[in-house]
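In case you want the letters, here they are:
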Amino acid sequence: MYYVVYACDSDVWSKLVAKYLYDIVDNVPQQDAKRQIAGMFAEIDAETKSEQEKSEQVFREEVRAQLNALNAPQQNPADQRTAYRSGDSAKIAAAGVTKADADYIAALAALAGVE
């Protein structure tokens, strides 16, 4: 097993995220939905550029929340958005978890020493 880590200039990353979102927006017929998606770009862009060091305790709490989310029904979009805006790192970490994330979360749990 091995891991591949990629690095990307933040300006290039912002342009990629913007292009992806605008491609989605072009395919959405409802104007309100288009505005809402476009408005989320700033939030997504800021989050991807966030460079904050986490304590071991915060990391473990996030991993525990992700493990719990694996066994819970997936959140609906409104609940996910509420979690993302809550400022609670554990809720944010768990909000987008799907069954496809099981191996990744298991690896994080092993690193964190969380069962």
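Refer to the structure presented above.
Note that the structure is predicted; figures quoted are calculated from it, not measured.

Thresholds applied
- Residues numbered from 1 in each chain as written.
- Predicted model: local features only at pLDDT ≥ 70, side-chain atom pairs only at ≥ 80, totals over all residues.
- Heavy atoms only, no water.
- Axes fitted to C-alpha atoms, helices over the stretch in contact; angles between N-to-C directions.
- Helix = DSSP H or I, 4+ residues; strand = E, 2+ residues; numbered from the N terminus.
- Parallel < 35°, antiparallel > 145°, perpendicular 65-115°, else oblique.
- Left-handed = near helix turned anticlockwise from the far one by under 90°.
- Contact = heavy atoms within 4.5 Å.
- 1 Å grid on protein atoms, 1.4 Å probe; cavity = no way out; pocket = protein on both sides within 12 Å on 5 of 7 lines; lining within 4 Å.
- Points joined across faces, edges and corners; volume = space filled by probe spheres on them.
- Nonpolar A, V, L, I, M, F, W, Y, C, P; charged D, E, K, R; others polar.

**Student:** How should the packing of helix α1 (residues 10-26) against helix α2 (residues 31-49) be read in this particular structure?
**Tutor:** Geometry of a packed helix pair, given as the angle between the helix axes and the separation of the axes. With their axes 10 Å apart at the nearest point, α1 and α2 run at an angle of 160° to one another. Here α1 lies roughly antiparallel to α2, going by the angle between them. Handedness of the crossing formed by α1 with α2: right-handed. Of the residues in α2, those touching α1 at S10, W13, S14, V17, A18, L21, Y22, I24 and V25 are K34, I37, A38, F41, I44, D45, T48 and K49.

**Student:** Mind showing me how you'd approach the layout of surface pockets here?
**Tutor:** Unfilled space is identified by rolling a water-sized probe across the atoms. Each pocket or cavity is described by its volume, and for the largest pocket that value is around 560 Å³. Around the largest pocket, the lining comprises 14 residues; the ones closest to its centre are M40, E43, I44, Q80 and Y84. Going through the elements one at a time, α2 and α4 (77-85) are the ones with two or more residues in the lining of the largest pocket. In this structure, the second largest pocket spans a volume of roughly 370 Å³. Around the second largest pocket sit 14 residues that line it, and E47, K54, E62, S89 and I92 are the ones nearest its centre. Contributing elements (two or more residues each) for the lining of the second largest pocket: α3 (56-70) and α5 (89-95). Per-class residue counts for the lining of the second largest pocket are four nonpolar, six polar and four charged.

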